[in-house]
Structures are given as structure tokens and as C-alpha cells.
Amino acid sequence: DLNYTLIANSKEIFNYPLDKKIKSQKYEMDLIELIKDKQKVEHTSVENFAGMKIAGYEIIRELGRGNNGVVCLARQEIMDREVACKILLPELAREPGYVDSFLKEARLSARLDHPNIVQAIEVGSCDDYYYFVMEYVHGCTLDDVRVFYPEKMSLEFITHIFTQLASALNYA
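This write-up is about the structure you can find in this document. (Residues numbered from 1 in each chain as written. Predicted model: local features only at pLDDT ≥ 70, side-chain atom pairs only at ≥ 80, totals over all residues. Heavy atoms only, no water.)

Another point: helix α4 (residues 98–110). Over its 13 residues, α4 extends 19 Å from the first C-alpha to the last, a length consistent with the 18 Å expected when each residue adds 1.5 Å. Buried residues of α4: Val99, Phe102, Leu103, Glu105, Ala106 and Ser109, and no others. Summarising the axial view, the buried residues of α4 lie within an arc of 150°, below the 170-degree limit, and thus occupy one face. Pointing more than 90 degrees away from the buried face of α4 are the exposed residues Asp100, Lys104 and Arg107. For α4, the elements touching its buried residues are β4 (81–88), α3 (90–93), β5 (120–126) and β6 (129–135). (Helix = DSSP H or I, 4+ residues; strand = E, 2+ residues; numbered from the N terminus. Expected span 1.5 Å × (residues − 1). Buried < 20%, exposed > 50% of the residue type's maximum accessible area, 1.4 Å probe, protein only. Arc of directions from axis to C-beta. Contact = heavy atoms within 4.5 Å.)

So, in C-alpha cells, the structure goes:
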């Protein structure tokens, strides 16, 4: 299951603002370069939610897919800002326990306030879709760095990232 709430998912460890996680200028400059090159990285995913509107959120594109849901980039219409919207797969919404688990994840996430954990914005249901909206943070993924910029994967860099990961997990 994709979990975009914590930075525990190594594929999304860089999807957090530089000022929230990178304190040294050396790493900040490296990541700024990576973010500028982000448009070169192609992600393949099924975009069957693109164009949908769910409770005031316009789905732009899919960001990732897990066993229980799909995380999409969306635009919150009332605030005119980009957000991440996790949508429980409709076929699972009909199965016992999945909706309760989904809502519990969102409610627990809303209680967390840490620089390396995205903020929960809203949870709800609309037209048979259960959704969980979170802060969206621009950036590239750790997997992108590993694949496209392996020279950046020094022991010092990895230690720095995982120190922040440990801090977020310890807090949660």
C-alpha cells in the first residue's frame, strides 16, 4: 500500500520542501538541481482518475498506486492549490473493514505535526469514492535519484536522509 503521509516510503522521500528537510547548503543545492531536472523523469501509470472531480478537488494525474488506493495530484478548487489526494479503490470500498481502516489512517495522520510528515487536509466520501487529501510537496523521489542520478547517492547523503526519516518515524 502506498503511504504518502510519512516519508517512510523511500520512493517519496524527496517529496518534501527543501527547507523542511535539507538543512545544509550542499544538499540543498544538489536537490535544487534534481528538482529542476524532474521534468526529464517519466513515470508510467494508469490515469483513469485524471479529469475527475471529487468534492471540490479536480484530479490532474496519478502519482502512484498501491494495493488499497491511488494517490493523485489534484487541485483544490476553492483554495486554488495543488494537493495530494489518496482515493480508496472503489472495489475495496465495498469490502468490510477497508473504509474504516482508510478513515482511521486519515484521522491519525491529522494528529501529526512534524517537518518531515505531510499535513492532512481533509477526509471524506463523495459519489462512492472515499478520499484523503494531504499537502502536496513538489520534488523528485529517492527512486528517481537512485536511477537517474546515482552519483548523488553517497553514504553521507543517504545518512542525512535516513536521519530525517528516523526522526519522523520516532515522532509518529
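Our next topic: the pattern of salt bridges. On inspection of all chains with the given rule, the structure shows six salt bridges. Note that Glu62 is salt-bridged to Arg65, the shortest N-O span being 2.8 Å. Note that Lys86 is salt-bridged to Glu105, the shortest N-O span being 3.1 Å. Linking Lys86 in strand β4 with Glu105 in helix α4, this pair joins segments that are 19 residues apart in sequence. Since its relative accessible area comes to 2%, Lys86 is described here as buried. Taken together, the shared-partner salt bridges connect Glu58, Arg75 and Asp80 into one network. (Salt bridge = Lys/Arg side-chain N within 4 Å of Asp/Glu carboxyl O.)

Glancing now at the nonpolar core. Soluble globular proteins tend to pack their nonpolar side chains together in the buried interior. Core analysis: the biggest nonpolar cluster contains 23 residues, and Ile59, Cys85 and Ile87 have the highest contact counts within it. Looking at this core, the elements with two or more residues in it are β2 (57–65), β3 (69–76), β4, α4 and β6. Dropping the residues within four chain positions of it, Ile87 is found in contact with Phe49, Ile54, Ile59, Asn68, Gly69, Val70, Cys72, Phe102, Tyr129, Tyr130 and Tyr131. (Core = buried A, V, L, I, M, F, W, Y, C linked by side-chain atoms within 4.5 Å.)

Take the sheet that holds strand β1 (residues 53–54) next. Spatial strand order, β1-β2-β3-β4-β6-β5: six strands in an open sheet with antiparallel pairing. Every other strand in the sheet has two partners, leaving β1 and β5 as the edge strands with one partner each. Bridge analysis of β2 against β3 gives seven bridges, and the strand direction is antiparallel. Across the sheet, the residue bridging to Glu58 is Arg75, located in β3. Packed on one face of the sheet, α4 meets β4, β5 and β6 and runs near 20° to β6. (Pairing = 2+ DSSP bridges. Axes fitted to C-alpha atoms, helices over the stretch in contact; angles between N-to-C directions.)

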